[in-house]
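# Commentary on secondary and tertiary structure
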Amino acid sequence: VRLVESGGGLVQPGGSLRLSCAVSGFTFSSAAMSWYRQAPGKERELVAAITSAGGSTEYADSVKGRFTISRDNAKNTVYLQMNSLKPEDTAVYYCKGRRSRIDYWGQGTQVTVSS
């Protein structure tokens, strides 16, 4: 099983980034997917989640209206579009897949929001 995140980097406040997570090794279309983040000195927190068919999403209050999670089951990929980024969004962002009550994690991608 592999989850590989990409798309992180350095962006100025107010900017945008799109994270991708490419999945292999399990049936992606049957897996609920989510994005978490962990800032230095803080616990890992849920940012956004999407059901297997993409019909339902949820977001942390801190990112509602700015972030959008989506998935392409044909490409085995989940995305996180991040707009209006703030310095407090700085963190390592992790992709998680949940299949048959087992959680699978990616290695993370760094997002830094700074001027």
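Counting restarts for each chain: residues are numbered from 1 in the order of the written sequence. Restriction of local features to residues with pLDDT of at least 70 applies here, the model being predicted, together with a cutoff of 80 or more for giving and counting side-chain atom pairs; totals for whole chains, interfaces and linings are based on all residues. Each side-chain value is derived from all of the structure's non-hydrogen atoms; neither hydrogens nor water enter the calculation.

## A word on the nonpolar core
Working definition of a nonpolar core: buried Ala, Val, Leu, Ile, Met, Phe, Trp, Tyr and Cys residues. They are joined through side-chain atoms within 4.5 Å. Think of it in three bands: with a 1.4 Å probe and only protein chains considered, a residue is buried below 20% of the maximum accessible area for its type, exposed above 50%, and partly exposed in between. By size, the foremost hydrophobic cluster in this structure holds 28 residues, and its most contacted members are Met33, Trp35, Val78, Leu80, Met82 and Tyr93. Strands are runs of DSSP state E lasting at least 2 residues, helices are runs of H or I lasting at least 4, and numbering of each runs from the N terminus. For this core, the secondary structure elements donating two or more residues are β3 (17-24), β4 (32-38), β5 (45-50), β7 (67-72), β8 (77-82), β9 (91-99) and β11 (109-113). Of the residues forming this core, the biggest block, 4 residues, is contributed by β3.

## What about the packing of aromatic side chains?
The geometry of two aromatic rings is summed up by the distance between their centres and the angle between their planes. Aromatic pairing here means that ring centres of Phe, Tyr or Trp (its six-membered ring) are within 6.5 Å. Orientation follows from the plane angle: under 30 degrees is stacked, over 60 is edge-to-face, and everything else is tilted. Taken as a whole, this structure holds 3 aromatic pairs when the rule is applied. On the basis of an interplanar angle of 80 degrees and a centroid distance of 6.5 Å, the ring pair of Tyr94 and Trp105 is categorised as edge-to-face. You can see Tyr94 sitting in strand β9 and its partner Trp105 sitting in strand β10 (residues 102-105), a full 11 residues away along the chain. Among the residues examined, Tyr94 registers a relative accessible area of 13% and is labelled buried. Trp105 gets classed as partly exposed once you look at its relative accessible area, which sits at 35%. Directly above the aromatic system of Trp105 lies the positively charged group of Arg44, at a separation of 4.7 Å from the ring centroid. Sitting over a ring, as applied to charges here, requires NZ of Lys or CZ of Arg to be within 6 Å of the ring centre and within 35 degrees of the ring normal.

## Describing the side chain of Arg37
Along the chain, Arg37 turns up in strand β4. For Arg37, a relative accessible area of 6% puts it in the buried group. N or O atoms closer than or at 3.5 Å make up a polar contact, with two conditions inside protein: a donor-capable atom paired with an acceptor-capable one, and, for residues adjacent in sequence, both atoms drawn from side chains. A distance of 2.9 Å separates polar atoms of two side chains, one belonging to Arg37 and the other to Asp89. Within the structure, Arg37 has its side chain in polar contact with the side chain of Tyr93 (distance 2.9 Å). Not counting residues within four places of it along the chain, the set of residues in contact with Arg37 comprises Glu43, Arg44, Glu45, Val47, Ser62, Val63, Phe67, Glu88, Asp89, Ala91, Val92 and Tyr93. Here, residues are in contact when the closest pair of their heavy atoms is within 4.5 Å.

## Considering the pattern of salt bridges
Salt bridges are defined as contacts in which a side-chain nitrogen from Lys or Arg sits within 4 Å of a carboxyl oxygen from Asp or Glu. All told, the structure shown has 6 salt bridges when counted by the stated rule. In this structure, the salt-bridge partner of Arg37 is Glu45, at a minimum N-O distance of 2.7 Å. Relative accessible area serves as the criterion here: at 35%, Glu45 is assigned to the partly exposed category. Among the ionic pairs, Asp103 bridges to Lys96, the shortest N-O distance being 3.7 Å. Linked through salt bridges whose partners overlap, the residues forming this network are Arg37, Glu45, Arg66 and Asp89.

## Notes on the pairing of β11
Across a regular strand the side chains alternate sides, sitting on one face of the sheet and then on the other. Alternating positions in β11 separate cleanly, Thr109, Val111 and Val113 being buried on one face and Gln110 and Thr112 remaining unburied on the opposite face. When strand β2 (residues 9-11) meets β11, the two strands line up parallel, connected through 3 bridges. When the sheet's bridge partners are listed, Val11 is paired in β11 with Val113. When DSSP finds two or more bridges between two strands, those strands count as paired.

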